[in-house]
Amino acid sequence: MIRAFDALSLPLLRWLDPEDAHRLAIQGMRLVPQATPKPEHANLAVRAFGLNFPNPVGIAAGFDKNAEAPDALLRAGFGFVEIGTVTPRPQPGNPRPRLFRLERDEAVINRMGFNNDGSEVVLRRLAARNHRGGIVGVNVGANKDSVDRVADYVQLIEAFAPVASYFTVNVSSPNTPGLRNLQQAAALDDLLAKVIDARERVRASAGDTPVLLKIAPDLTLSELDDVVHIARSRRVDGMIVANTTLSRPASLRDQQRAKEAGGLSGRPLFRLSTRMVAETFVRAEGAFPLIGVGGIDSGGAALTKIRAGASLIQLYSALVYKGLGLVEAIKNDLSSTLRRTGREQLSEIVGADAPTITAEEWPV
């Protein structure tokens, strides 16, 4: 079914405007007849943040912003789905065009700006499917015009705790002016303190919902020191490394399209994001697991990210170029690698290469 969906959809979607193609992909996911998911590889099960993931491959926030197709994505083979970014109030985001393909680089630039249907609509959708199971995380952010952005995060934690498998506190999108300032030490400490307090207030009624922090790949190592120290001291449950980058590698071939403002994702982000995973892993010292994101487009890339320090991984941009079949391909590669090397679980190789990676020249 997935192969047929890719064969029919990929050529069509690539002819369309990127944002129109994304909208059509979401609708297509919802309309594809339900099929019985393939059995999972037993050696790919992961326990992290107190949750049992059937496999380590998730879909990153940004694809299903409004929780329209989480169950279809789970049936497609993802081990978990992260919806959002959700803000308290609906907002249209930045003016179009705001999504661009860099075809020759297998990359994407976006400046979407947290366009979403708002918490009320998204909460209603998640509540309606909550009995179906599966791990569905909620990525939360602040409205662009909010006078108290910290209060926005707190409001969302309290509202979504009953239906969220986990939360991702997104302070790293480059497309909401000033949002990345929340990664600065004092602001981040205040934000995480209030977010964790909100989670604790609703724990009795909503259960224990893990809180993850998503960071930018553009942090300096000094800034990363502060971020990891604060995350550890506030006892967050994990970190996601990393969001899109404002940098433009010299290796980009589509130099004209690369001039568009916004965050770059896809293959050109792989080396930088992997380095940041390794740097975060050595600083976390096992205090919490990491989700690695950025440029994963093959089983080999997934394996590299895991050996850099990621217990779980997420995809998005690679699906534009390789389709949903990539999910099963990555899982098959990871499982066969474990069997071939005589290992029983991915946890045996998480972070194995982190010291080597952090000693390399900085990626440019």
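Refer to the preceding data block for the structure.
As a starting point, this report considers the structure included with it. (Residues numbered from 1 in each chain as written. Predicted model: local features only at pLDDT ≥ 70, side-chain atom pairs only at ≥ 80, totals over all residues. Heavy atoms only, no water.)

Looking at the packing of helix H4 (residues 119–129) against helix H5 (residues 149–160)
Two elements in contact, H4 and H5, have axes separated by 11 Å at closest approach and are oriented at 25 degrees. Considered as vectors, H4 and H5 are oriented roughly parallel to each other. Helix-helix and strand crossings are classified by hand; for H4 and H5 the assignment is right-handed. Residues Ser 119, Val 122, Leu 123 and Leu 126 of H4 form the contact with H5, whose own contacting residues are Leu 156, Ala 159 and Phe 160. (Axes fitted to C-alpha atoms, helices over the stretch in contact; angles between N-to-C directions. Helix = DSSP H or I, 4+ residues; strand = E, 2+ residues; numbered from the N terminus. Parallel < 35°, antiparallel > 145°, perpendicular 65-115°, else oblique. Left-handed = near helix turned anticlockwise from the far one by under 90°. Contact = heavy atoms within 4.5 Å.)

Let's talk about the packing of aromatic side chains
Under the definition given, this model contains four aromatic pairs. Consider the rings of Phe 80 and Tyr 166, whose centres lie 6.4 Å apart with planes at 65 degrees: the pair is edge-to-face. Residue Phe 80 is found in strand S4 (residues 80–86), and its partner Tyr 166 is found in the loop between H5 and strand S8 (167–170); the two are separated by 86 residues along the sequence. Judged by its relative accessible area of 0%, Phe 80 falls in the buried class. Pairwise contacts between aromatic rings join Phe 49, Phe 53, Phe 80 and Tyr 166 into one cluster. (Phe/Tyr/Trp six-rings, centres within 6.5 Å; stacked < 30°, edge-to-face > 60°. Buried < 20%, exposed > 50% of the residue type's maximum accessible area, 1.4 Å probe, protein only.)

Points about the environment of Phe 114
Secondary-structure assignment places Phe 114 in the loop between strand S6 (107–110) and H4. When the C-alpha atoms of Phe 114 and Gly 84 are compared, they prove to be 8.2 Å apart, with 30 residues separating the residues in sequence. In this structure, Phe 114 is in contact with Thr 85, Thr 87, Gln 91, Gly 141, Ala 142, Asn 170, Ser 173, Thr 176 and Leu 179, ignoring residues within four places of it in sequence.

Notes on the pairing of strand S12 (residues 290–293)
Every second residue of S12 is oriented toward a common face, with Leu 290 and Gly 292 on one face and Ile 291 and Val 293 on the other, all of them buried. Where S12 lies against strand S13 (residues 312–315), three bridges are found, and the strand directions are parallel. Bridge assignment links Val 293 to a residue of S13, and that residue is Gln 314. Crossover connection from S12 via helix H10 (residues 299–308) to parallel S13: handedness right-handed. (Pairing = 2+ DSSP bridges. Right-handed = clockwise from strand over helix to strand, strands pointing away.)

Details of the environment of Asp 105
Note on placement: Asp 105 falls in the loop between strand S5 (99–102) and S6. In contact with Asp 105, other than residues within four places in its own chain, are Ser 251, Leu 252, Arg 253, Asp 254, Arg 267 and Pro 268. Of the polar contacts made by the side chain of Asp 105, one reaches the backbone nitrogen of Asp 254; its length is 3.0 Å. (Polar contact = N/O pair within 3.5 Å; in protein donor to acceptor, adjacent residues only side chain to side chain.)

A word on the pairing of S13
With burial as the criterion, each face of S13 is covered, one bearing Leu 312 and Gln 314 and the other bearing Ile 313 and Leu 315. Pairing analysis gives three bridges linking strand S3 (residues 57–59) to S13, with the strands arranged parallel. Its bridge partner being in S13, Ile 59 is matched across the sheet by Leu 315.

Brief notes about the sheet that holds strand S11 (residues 263–266)
Note on sheets: strands pair through backbone hydrogen bonds, and any given pair is parallel or antiparallel. Across the sheet, three strands lie side by side as S5-S6-S11; this open sheet has antiparallel pairing. The open sheet has two edge strands, S5 and S11, and neither has a second partner. Averaged over all pairs of adjacent strands, the angle between strand axes in this sheet comes to 25 degrees, irrespective of strand direction. Note: S6 against S11, four bridges, orientation antiparallel. Note on S11: the bridge partner recorded for Asn 110 is Gly 263.

Comments concerning H5
Here H5 contains 12 residues, and its C-alpha end-to-end distance of 17 Å stays within 8% of the 16 Å for a straight helix at 1.5 Å per residue. Its buried side turned inward, H5 meets S4, H4, strand S7 (136–140), S8 and helix H6 (185–201). (Expected span 1.5 Å × (residues − 1).)

A closer look at the sheet that holds S4
Strand order in the closed barrel formed by eight strands is S3-S4-S7-S8-S9-S10-S12-S13, and the pairing between neighbours is parallel. Direction aside, neighbouring strands of the sheet carry axes that sit 25 degrees apart on average. H5 contacts S4, S7 and S8 of the sheet and is inclined by roughly 170 degrees relative to S8. Strand contacts of H6: S8 and strand S9 (211–215), with the helix running at about 155 degrees to S9, the strand carrying the most contacts.

So, the pattern of salt bridges
Taken as a whole, this structure holds 29 salt bridges when the rule is applied. In this structure, Arg 89 and Asp 145 form a salt bridge, with 2.9 Å as the shortest nitrogen-oxygen distance. Here Asp 145 lies in the loop between S7 and H5 and Arg 89 lies in the loop between S4 and S5, a separation of 56 residues in the sequence. One salt bridge connects Glu 260 with Arg 111, and the closest N-O pair in it is separated by 3.0 Å. Of the two residues, Glu 260 is situated in the loop between strand S10 (238–241) and S11 and Arg 111 in the loop between S6 and H4; the sequence distance between them amounts to 149 residues. According to the relative accessible area criterion, Glu 260 is partly exposed, its value standing at 25%. Each of Asp 17, Glu 19, Asp 20, Arg 96 and Arg 98 takes part in one network of salt bridges that share partners. (Salt bridge = Lys/Arg side-chain N within 4 Å of Asp/Glu carboxyl O.)

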